[in-house]
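Descriptive analysis of the structure
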Amino acid sequence: MKLHEYHAKSLLSHAGLPVPPYAVATTPAEARAQAVAFLDGGVGAVVVKAQVLVGGRGKAGGVKLAHSADEAETIAAAILGMDIKGITVRRVMVTPAATIVREMYLAAVLDRANQRILLMGAAEGGVEIETLAEEDPDAIVRVHAHPQLGLQPFQARQMAFALGLGEHLAQATAICRGLVDVMVGEDADLVEVNPLAIVREDGPDGPVERLALLDAKVTLDDSALRRHPGHEAMRDLDEEDPADTAARAAGLSFIRLDGDIGCMVNGAGLAMTTMDLVKRAGGEPANFLDIGGGARSDKVAEAMRLILSDPSVKAILVNIFGGIARGDEVARGLVEARAQQTRSVPLVVRIVGTNADLAARILHEAGGDIVTARTLDEAVERAVALAGQVAA
Ligand code: GDP
Ligand code: MN
């Protein structure tokens, strides 16, 4: 689950990291009032930032400086409702503008291959990390946190020096360790700060420089959401793919892919095997869908609706190995969904195991154009062939 910048910043701020103050507005008037509060507090300018779950808001015109309340209101009015990469901006963040001395990149990511949290830094920020990784991979500093001991103090110092932050050592090491702590404590799989900045501020004895987290991106591990009662409230249903929302409500594991063969399978392992076989037969799966064990007919019907909601689906392959899941329940769900569907797509069904005979009878009696297959190979071949015919 991706978090908005303001939610990400609240987590980082709770962890004691230097996040500048911010407010969130849904109307230009509200943004104006927040700007007034900051400007009256002695801030020279504010930044108005679109809150959408995509990167590159700055380039898209979603991050703007305002020097007065009027300007903040005008800018907020322009950004609210703006379309950024297909997403409508519904909220803006208002935050004091920082005087940036230097921008850096720092992120904690899950390194699955090494089974560790990886802290990645780059002394040159502002650039997208993907671009940097391609053009100048050596510019990225990598430090792996120890699985039990976490990020060791020497590792944090190593990163701080590599980023040229010797003069800000205490703050820099605290930030390094803080990102890893948030990663672990919140069960995140990404905690990214881009830019982490050296900012200049007026102190009692003249200008002082310190570090500040000017942008933040956090994605949470969906499987761990139940361990954090407060996290679900941070979900933004407006920006979530409706198919994902429907799948979650129905208790289905569903991941949309690029192909044209919709797959409905029980069990994650069997679902992956089915996708492999589709690929081997020359087809491309349109999704991963695990209806789970013991799925009843209504869940099957919902799965069918989900698959059909993807306009690129040209054929559907149902592969059920009846154990706890009963073949007849699945067959009933398929027939029910078939009767309700608004779009007709070839359907190939292979059901074996518990109540497979009954399932076959139900599908047969329903008549229509449901193709039943005896073996998985046969089912896959038929589905791929039928999808190909539709394309032709
Ligand atoms: P992103 O484009 O979605 O990653 O949004 P960011 O929050 O990273 O903002 C983009 C850029 O705007 C940053 O890299 C900064 O250069 C600039 N920016 C953001 N906040 C401030 C600020 O407080 N002061 C100044 N001067 N620039 C800022
Ligand atoms: Mn950024």
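Whatever comes next refers back to the structure up there.
Report follows, based on the coordinates. In this text, all values refer to a predicted model and were calculated from it rather than measured experimentally.

Thoughts on the overall build of the protein
When helices and strands are tallied, the protein shows 12 helices and 18 strands. Dimensions of the protein, computed from the C-alpha atoms along their principal axes, are close to 85 × 50 × 40 Å. Taken over 392 residues, the protein has a buried fraction of 49%. Pairs at least 24 residues apart make up 68% of the contacts formed inside the protein by residues separated by at least 6 positions. Taken as two groups, the 38 positive and 53 negative side-chain charges of the protein have centres that lie 5 Å from each other.

Looking at the site of ligand 1
Inspection of the region around ligand 1 gives 14 residues, with K49, R57, G58, A98 and E103 positioned closest. A distance of 2.8 Å is found between an oxygen atom of ligand 1 and a backbone nitrogen or oxygen belonging to G58. At 2.8 Å from an oxygen atom of ligand 1 is found a main-chain nitrogen or oxygen belonging to A98. Protein contacts shield 76% of the accessible area of ligand 1, which totals 560 Å² for the unbound molecule.

Digging into the side chain of Q51
Along the chain, the position of Q51 falls in the loop between β2 (46-50) and β3 (63-66). At a separation of 3.0 Å, a polar atom in the side chain of Q51 contacts the side chain of E5. Setting aside residues no more than four positions away along its own chain, Q51 makes contact with H4, E5, Y6, R57, V89, R91, V92, M93 and E239.

So, the sheet that holds β3
Within the open sheet, the 4 strands sit side by side as β1-β6-β2-β3. Their pairing is antiparallel. A single partner strand is all that each edge strand has here, and the edge strands are β1 (23-25) and β3. For this sheet, the mean angle separating the axes of adjacent strands, direction not counted, is 25°. Sheet analysis places β1 next to strand β6 (residues 92-96), joined by 3 bridges and oriented antiparallel. Its bridge partner being in β6, A23 is matched across the sheet by V94. In the packing of helix α3 (residues 69-79) onto the sheet, contacts are made with β2, β3 and β6, and the angle to β3 comes to roughly 165°.

As for the pattern of salt bridges
Counting across every chain of the model gives 24 salt bridges. With a shortest N-O distance of 3.4 Å, K314 and D260 are connected by a salt bridge. Taken together, the residues K314 in the loop between α9 (297-308) and β16 (315-322) and D260 in the loop between β13 (253-256) and β14 (261-265) connect sequence positions 54 residues apart. Judged by relative accessible area, which is 19%, D260 ranks as buried. Close ionic contact of E302 with R305 constitutes a salt bridge, the shortest N to O distance being 3.1 Å. Separated by 3 residues within a single helix, E302 and R305 lie in helix α9, roughly one turn from each other. What makes R305 partly exposed here is its relative accessible area of 40%.

A word on the packing of α9 against helix α10 (residues 327-340)
Taken N-terminus to C-terminus, the directions of α9 and α10 make an angle of 45°; their axes are 7 Å apart at the nearest point. Classed by the angle they form, the pair α9 and α10 counts as oblique. At the point where α9 passes α10, the crossing takes the right-handed sense. Two secondary-structure elements touch here, α9 through S297, V300, A301, M304 and R305 and α10 through E329, V330, R332, G333, L334, E336, A337, R338 and Q340. Residues of the contact of α9 with α10, tallied by class, amount to 6 nonpolar, 3 polar and 5 charged.

Considering unusual backbone geometry
The peptide bond linking N194 to P195 adopts the cis configuration, its omega dihedral lying at 15°. When you line up the elements, P195 lands in strand β10 (residues 188-203). Even without a glycine there, the phi angle at K85 is positive, about 50°. In this structure, K85 sits in the loop between β4 (83-84) and β5 (87-88). With a phi close to 60°, N355 is a non-glycine residue in the positive phi region. Relative to the helices and strands, N355 resides in the loop between β17 (347-353) and α11 (356-366).

The rules behind each value
Residues numbered from 1 in each chain as written. Chains lettered and ligands numbered in written order. Predicted model: local features only at pLDDT ≥ 70, side-chain atom pairs only at ≥ 80, totals over all residues. Heavy atoms only, no water. Helix = DSSP H or I, 4+ residues; strand = E, 2+ residues; numbered from the N terminus. Buried < 20%, exposed > 50% of the residue type's maximum accessible area, 1.4 Å probe, protein only. Contact = heavy atoms within 4.5 Å. Lys, Arg positive; Asp, Glu negative; His and termini not counted. Charge placed at Lys NZ, Arg CZ, Asp CG, Glu CD. Near = heavy atom within 4 Å. Polar contact = N/O pair within 3.5 Å; in protein donor to acceptor, adjacent residues only side chain to side chain. Areas by Shrake-Rupley, 256 points an atom, 1.4 Å probe, with all protein chains shown as cover. Pairing = 2+ DSSP bridges. Axes fitted to C-alpha atoms, helices over the stretch in contact; angles between N-to-C directions. Salt bridge = Lys/Arg side-chain N within 4 Å of Asp/Glu carboxyl O. Parallel < 35°, antiparallel > 145°, perpendicular 65-115°, else oblique. Left-handed = near helix turned anticlockwise from the far one by under 90°. Nonpolar A, V, L, I, M, F, W, Y, C, P; charged D, E, K, R; others polar.

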